[in-house]
Every structure is written in C-alpha cells, then in structure tokens.
Amino acid sequence: MNSLPSRVFETAVNELAKLPGIGRKTALRMALHLLKSRKEDAEAFGMAIIRMHNDIRYCRECGNISDDELCSICGSPKRDKSIVCVVEDIRDVIAIENTGQFNGVYHVLGGIISPMEGIGPDELNIEGLIEKVNSGSLTEIILALPTTIEGDTTNFYIYKKLHSSAIPVTMIARGISIGDELEHTDEVTLGRSIVNRTPYESIIQKKNQ
Amino acid sequence: MFLHKLLLSDFKNYEQASLVFSDKINCFTGNNGVGKTNLLDAIHYLSFCKSFFNPADTQNIRHGQDFFAINGSFQRNGDSNELVQCIQKRNQRKRFLLNKKEYDRLADHIGNFPLVMISPYDRDLISEGSEIRRKYIDSVISQFDKQYLDDLIQYNKVLVQRNALLKTFAERDFFDSAQLEIWDEQMIRLGKLLFAKRTRFLEAFIPIFQHYYTFISGGQEKVDVQYNSHLCSSEMEILIRENRSRDRSAQFSTVGIHKDDLEFTLDGFQVKKFGSQGQQKSFVVAIKLAQFDYTRNIKGYKPILLLDDVFDKLDDVRVQQLISLVSQHNFGQVFITDTSEDRIRRIFDTMDIDHKFFSLPLKD
C-alpha cells in the first residue's frame with residue numbers, strides 16, 4: 001500500500017487517515033467509496049465539511065457549538081439559566097443532553113488543566129464562568145469533569161476561584177454503574193462508593209419527584 | 001496450596017516436559033545452562049503472569065518455535081484441582097486460563113496463587129539506587145491493597161504534571177501560585193496517605209525481617225531497616241511550602257514520598273558499603289522471607305517459595321540454617337536449584353522432610 005496509482009487519490013486517502021479511529025486501510029476504502037459515488041453526493045460531502053468550518057459559531061454564553069449567537073440550549077426559555085453545568089467539551093454536552101435529566105445550562109471549558117500538554121487555566125474558558133457567577137444570577141454550579149486526576153485538579157481550581165462568591169458548588173456523583181453487580185465493580189470505585197455513600201431517604205425523594 | 005504438576009511446551013529450552021512435585025521440598029540439580037532456573041521461571045509465570053527475568057514474553061518461546069504453553073495443576077485443601085494455563089503465541093497477546101476459563105484481565109489472576117522468589121538478582125535491592133527499593137515495597141503493599149496502588153498511580157501523575165508546570169514557569173518566565181497550589185493540594189493529600197501506609201507496612205515488616213536475619217546468621221549480628229522520608233521529620237504541607245522557591249529554581253518537585261528510601265544497616269553500618277557478600281546475601285534472603293511471612297499472614301495460606309541459587313556466597317552454617325528454616329511447618333512448598341546434587345542430597349537426606357530430586361536435563 002505504499003504507492004497508490006494516483007497522487008490526487010493518495011492525498012485524499014492521507015487526509016481521511018488523519019481522522020480519529022481511522023487507519024490507512026479504512027481510509028482507502030472510504031476514498032474508493034467516495035470516488036465511486038455520484039459527483040453530487042461527493043460534492044455535498046465536501047461542502048458539508050467546508051460549511052461546518054465556515055458557518056458554525058460558538059455560543060456566546062456557554063461555548064457550545066451553535067448556528068446563532070446563542071445556542072439552542074442557552075436560547076431556550078424552558079431552560080433554567082441559574083444552574084450551570086461545567087463540562088470539558090462539546091461531546092459532554094451531547095452526552096448529558098441525551099440523558100434528558102438536566103434542565104439547566106452548560107459551560108464548556110474547552111479542555112482541562114494539564115501542564116504536560118501545555119494547558120493552563122488561561123487556555124480554558126474559566127474567566128467566562130467567573131464572570132457569570134459574579135453577575136449574581138446563578139444558584140448552583142455543577143462540576144461534571146472527567147474523573148481523572150487532571151479533572152479533579154481542574155475542579156479544585158474552579159472551586160478555589162468561586163469559593164469567595166459563596167455560590168453552592170456540587171460535583172456529579174461517582175460510583176457503581178446502574179445494573180452492575182458489586183463483585184464485578186473495581187475495588188477503587190467500590191471503596192469510594194462506600195466512603196461517599198448517600199442517605200437512602202434522599203434517593204427515594206428524588207425518585208418520587 | 002501447592003503445585004502438583006507442571007507441563008511445559010516449547011518454553012525456553014524445554015521442548016516438552018512433565019513434572020510431578022512433592023508438596024514440600026523439590027530440588028532441581030544440574031550443570032550451568034541445563035534449565036534449572038527456567039523451571040522456576042515457568043512456576044513464576046503461573047503466579048505472576050510474567051517472567052521473573054525477561055519482560056518480553058515472546059523471547060521465552062523456544063528458538064524457532066511459534067508458541068509456548070505452561071500448564072500447572074494446583075491443589076488446594078486436599079483434592080480440589082485448579083488448572084492454570086498460560087499460552088503465548090508469537091505476535092499475539094498472552095492468554096491466561098483458570099480451569100479452562102480465560103481471564104479478561106491478567107490483574108485478576110495475580111495474587112490467587114501467591115509466590116515468593118529468592119534469586120541472585122535480589123542483591124540489586126542493596127546495590128542499586130533508591131528507586132528499586134521504593135518499587136519493591138510498593139509492589140508488596142499493592143499486591144494486597146488496590147487502593148494503595150491507585151493512590152500511587154495518581155500521585156505519580158500529579159508529580160509529572162507538577163514538574164511540567166514548574167518547567168513551564170521557568171520557560172515562559174512567569175509564576176502563578178494559584179496554578180501550583182492545585183497540584184500541591186493533590187500531592188499533599190495523596191503523599192500523606194501513601195506515607196502512612198508505607199510506615200504502617202514497615203512497622204509490621206521490619207521485626208519479621210530481623211527475626212529471620214537473626215535466625216540465618218546465628219544471632220551474632222544486629223540488622224535494621226530505616227525508613228527515610230522527608231515526611232518523617234515534617235508535615236507534607238510545610239515541606240511543600242518551604243521548598244517552593246527551591247522547586248521553582250530546580251524546575252522539579254524536590255520533596256515528597258517519591259524521594260523515599262530505605263537504609264539497610266548491619267551493626268549500625270551501611271550494608272551496601274560495609275557488608276560482606278555473604279552478609280548482603282543473607283540480608284536480602286531475610287527480606288524475602290519476611291515478604292513470605294507477610295503474604296502468608298494476609299492470604300491465610302502459604303505461598304510457594306522459589307530459591308534460585310541460594311547456596312552461592314553463603315557459608316555452610318547459614319545454608320544449614322536457611323534449609324532447616326524453610327523446612328519448618330510454617331513454610332509450604334519449596335523449589336530449590338543447585339549445581340551440586342551431592343551437596344543438596346547430603347543436606348536433605350539427614351532431614352525428616354518429604355523431598356524430591358530432579359536431575360537435569362530431564363530424561364524421557
């Protein structure tokens with residue numbers, strides 16, 4: 001597979017192979033498929049990608065992708081603007097939206113603090129969050145960052161920055177997956193779940209809500 | 001628990017081998033290069049899913065062959081048989097099966113068939129740098145404490161990030177204490193937990209070690225292990241605060257449990273510098289025997305003990321002491337290698353313990 005019969009074709013394969021999760025063989029298959037498809041279809045495919053880059057905007061409030069100045073979540077009158085859920089990136093917004101359990105709005109950081117990768121607080125959208133808090137209209141900040149040490153550290157940084165404002169800061173619960181047997185849960189998670197157990201009464205009340 | 005039967009296929013120098021063991025003492029004898037230690041290594045595989053010597057699994061396949069297989073049949077409490085299989089094909093992942101059922105994660109297997117190996121390489125514990133001693137105690141503690149292992153991994157991640165941040169500060173010529181504090185806080189929390197567990201472990205471990213050293217040496221020498229940590233003399237919070245400017249100019253974290261070390265002394269002097277080869281050997285053997293004891297106390301049953309070339313450098317008195325020790329009832333199944341069949345026969349034939357000799361190379 002070292003040399004392909006056409007330079008143009010090879011460029012297309014190389015570009016496809018840059019996509020996450022796509023190896024060279026899959027890229028070759030995709031390129032052949034696109035080459036064989038109708039010209040209009042291939043053009044629509046290319047245009048969609050070009051338009052995505054030219055036309056997509058980022059929501060002024062939360063940093064989510066959007067067609068307008070405000071994204072559909074921030075722009076919706078049904079959402080509770082006083083509860084803000086802090087997430088690492090747009091994929092997390094989509095994941096939480098899919099649960100259908102959250103009616104507040106989001107704040108996308110665009111990453112987490114990791115000096116190794118050269119990402120400090122200044123590279124992230126933390127100032128925007130502080131401004132929101134200082135505006136005084138919020139009642140709760142929910143931290144929903146990854147459960148890695150970098151995620152924990154970012155949580156801690158945000159918490160320290162918001163501490164003086166006296167706004168309640170919560171963190172999403174971590175523990176045993178729904179439907180899992182205890183014996184198959186890894187020891188660290190199970191141990192943490194025991195330490196951070198929750199009052200049963202609060203669970204019944206939430207179910208009845 | 002003991003290993004009843006071992007079957008090898010194309011493992012190291014063995015094309016095919018089948019051995020049935022005693023539940024007490026088993027001796028492998030033969031000249032250099034016949035494969036005495038390879039048998040111990042096969043047993044090590046069954047317990048730890050890896051070689052004691054060579055981390056590249058495929059290099060343990062017999063030259064020119066496509067795979068190796070190790071089958072071990074263990075007996076626990078009388079008659080229940082447990083079959084452990086390890087199969088390594090070239091260019092494939094290593095497979096481990098218990099009673100024909102494959103493990104999803106190798107980590108689930110480790111610890112089920114505990115084993116302690118005493119080998120000539122143990123002297124690295126004395127002669128090499130502090131990292132190997134930290135790794136040793138970490139490996140013993142984390143075998144039975146998964147939380148410790150997790151905290152340790154987290155601590156090391158924090159350390160790498162904190163060091164990267166210190167480097168960034170220096171490169172870009174700025175400083176933001178808020179950015180450093182968030183890592184400090186994690187390092188303090190995890191460092192304290194790890195320090196407490198290391199301290200607790202060594203408090204239990206050192207007296208057992210001293211007991212064994214006294215026994216092997218005949219009680220003439222006094223040995224000690226000193227746990228040296230920055231945290232012994234001060235609180236982690238204070239250390240981090242006081243060394244902040246030093247960390248900044250060094251561009252890495254100068255204090256913490258990642259600098260811990262163990263100091264080995266014999267009659268008050270450093271074993272590394274002043275101990276004879278025989279004394280150093282006795283020292284590491286006693287450490288490994290203490291590990292055996294510690295493992296047995298936690299597991300509730302006796303691990304398998306592998307003694308590779310222990311007679312090297314020890315005098316006859318110490319050899320006699322060591323052998324009589326491991327033949328006692330608090331030890332279980334033991335595997336010993338020696339180049340001299342005569343020597344080892346002389347020792348065991350006078351003793352009232354079940355033993356079996358395997359003269360290598362094996363005959364069909």
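Residues numbered from 1 in each chain as written. Chains lettered and ligands numbered in written order. Predicted model: local features only at pLDDT ≥ 70, side-chain atom pairs only at ≥ 80, totals over all residues. Heavy atoms only, no water.

**Some points on the side chain of Arg 79 of chain A**
Residue and element names in this part refer to chain A.
Then, in step 1: Structurally, Arg 79 can be placed in the loop between β2 (65–66) and β3 (83–87).
Then, in step 2: For Arg 79, a relative accessible area of 14% corresponds to the buried category.
Then, in step 3: Here the side chain of Arg 79 touches Phe 102 through a polar contact of 3.2 Å, landing on its backbone oxygen.
Then, in step 4: If near-sequence neighbours (up to four positions away) are discounted, Arg 79 is found in contact with Ile 73, Glu 97, Phe 102, Asn 103, Gly 104, Val 105 and Tyr 106. (Helix = DSSP H or I, 4+ residues; strand = E, 2+ residues; numbered from the N terminus. Buried < 20%, exposed > 50% of the residue type's maximum accessible area, 1.4 Å probe, protein only. Polar contact = N/O pair within 3.5 Å; in protein donor to acceptor, adjacent residues only side chain to side chain. Contact = heavy atoms within 4.5 Å.)

**Quick look at unusual backbone geometry**
Residues and elements named next belong to chain B.
Then, in step 1: Cis geometry is found at the peptide bond from Leu 360 to Pro 361, where omega equals 0 degrees.
Then, in step 2: Within the fold, Pro 361 resides in the segment after β14 (355–359).
Then, in step 3: With phi around 50 degrees, Asp 10 is a residue other than glycine that occupies positive phi space.
Then, in step 4: Under the relative-accessibility criterion, Asp 10 is labelled buried at 10%.
Then, in step 5: Although it is not a glycine, Asp 173 sits at a positive phi angle of roughly 55 degrees.

**Some thoughts on helix α4 (residues 90–99) of chain A**
Since there are 3.6 residues in each turn of an α-helix, residues three or four apart along the chain are aligned in direction.
Then, in step 1: Capping of α4 of chain A at its N-terminal end is provided by Asp 89 of chain A; its side-chain oxygen lies 3.1 Å from the backbone amide nitrogen of Arg 91 of chain A.
Then, in step 2: In the segment just after α4 of chain A, Gly 100 of chain A is the residue with positive phi, at about 70 degrees.

**Describing the domain arrangement of chain B**
Residue and element names in this part refer to chain B.
Then, in step 1: Domain annotation of chain B identifies domain 1 (1–114 + 303–364) and domain 2 (127–299).
Then, in step 2: The distance between the C-alpha centroids of domain 1 and domain 2 comes to 31 Å.
Then, in step 3: A buried area of about 1,800 Å², summed over both sides, lies between domain 1 and domain 2, and 66% of it is on carbon and sulfur atoms.
Then, in step 4: If you look at where domain 1 meets domain 2, you find one salt bridge.
Then, in step 5: Residue Arg 318 pairs with Glu 221 through a salt bridge whose shortest N-O separation is 3.2 Å.
Then, in step 6: Viewed at the interface, domain 2 and domain 1 are joined by five residue pairs in polar contact (both at pLDDT 80 or more).
Then, in step 7: Among the secondary structure elements, those contributing two or more residues to the side of domain 1 that touches domain 2 are β12 (304–307) and α11 (316–326).
Then, in step 8: Tallying contributions element by element places α11 first for the side of domain 1 that touches domain 2, with six residues.
Then, in step 9: Looking at side-chain class alone, the side of domain 1 that touches domain 2 contains 11 nonpolar, six polar and four charged residues. (Domains from an automatic or database assignment. Buried area = accessible area lost by both parts, 1.4 Å probe. Salt bridge = Lys/Arg side-chain N within 4 Å of Asp/Glu carboxyl O. Nonpolar A, V, L, I, M, F, W, Y, C, P; charged D, E, K, R; others polar.)

**Here we look at the sheet that holds strand β11 (residues 269–270) of chain B**
Residues and elements named next belong to chain B.
Then, in step 1: Overall, antiparallel pairing links the three strands, which are arranged β9-β10-β11 in an open sheet. Strand pairing shows two members of the sheet lacking a second neighbour, β9 (223–228) and β11, which therefore form its edges.
Then, in step 2: Bridge analysis of β9 against strand β10 (residues 261–266) gives six bridges, and the strand direction is antiparallel. Paired with Val 223 across the strands is Leu 266, a residue of β10.
Then, in step 3: Docked against the sheet, helix α10 (residues 277–299) engages β9 and β10, running at close to 125 degrees with respect to β10. (Pairing = 2+ DSSP bridges. Axes fitted to C-alpha atoms, helices over the stretch in contact; angles between N-to-C directions.)

**Structural notes on the environment of Ile 182 of chain B**
Then, in step 1: Secondary-structure assignment places Ile 182 of chain B in helix α5 (residues 177–217).
Then, in step 2: Between the C-alpha atoms of Ile 182 of chain B and Pro 55 of chain B, which are 127 residues apart in sequence, the distance is 37 Å.
Then, in step 3: Not counting residues within four places of it along the chain, the set of residues in contact with Ile 182 of chain B comprises Ile 113, Thr 153, Phe 156, Tyr 157 and Lys 160 of chain A.

**Some remarks on the interface of chain A and chain B**
Then, in step 1: Facing the 18 residues of chain A at the interface are 21 residues of chain B.
Then, in step 2: Of the roughly 1,700 Å² buried where chain A meets chain B, counting both sides, 60% is carbon and sulfur surface.
Then, in step 3: As a salt-bridge pair, Glu 187 of chain A and Lys 146 of chain B come within 4.0 Å of each other at their nearest N and O atoms.
Then, in step 4: Remark: the boundary between chain A and chain B carries five residue pairs in polar contact (both at pLDDT 80 or more).
Then, in step 5: With seven residues, helix α6 (residues 149–162) of chain A is the single largest residue contributor to the side of chain A that touches chain B.
Then, in step 6: Its residues assigned to classes, the side of chain A that touches chain B shows eight nonpolar, four polar and six charged.

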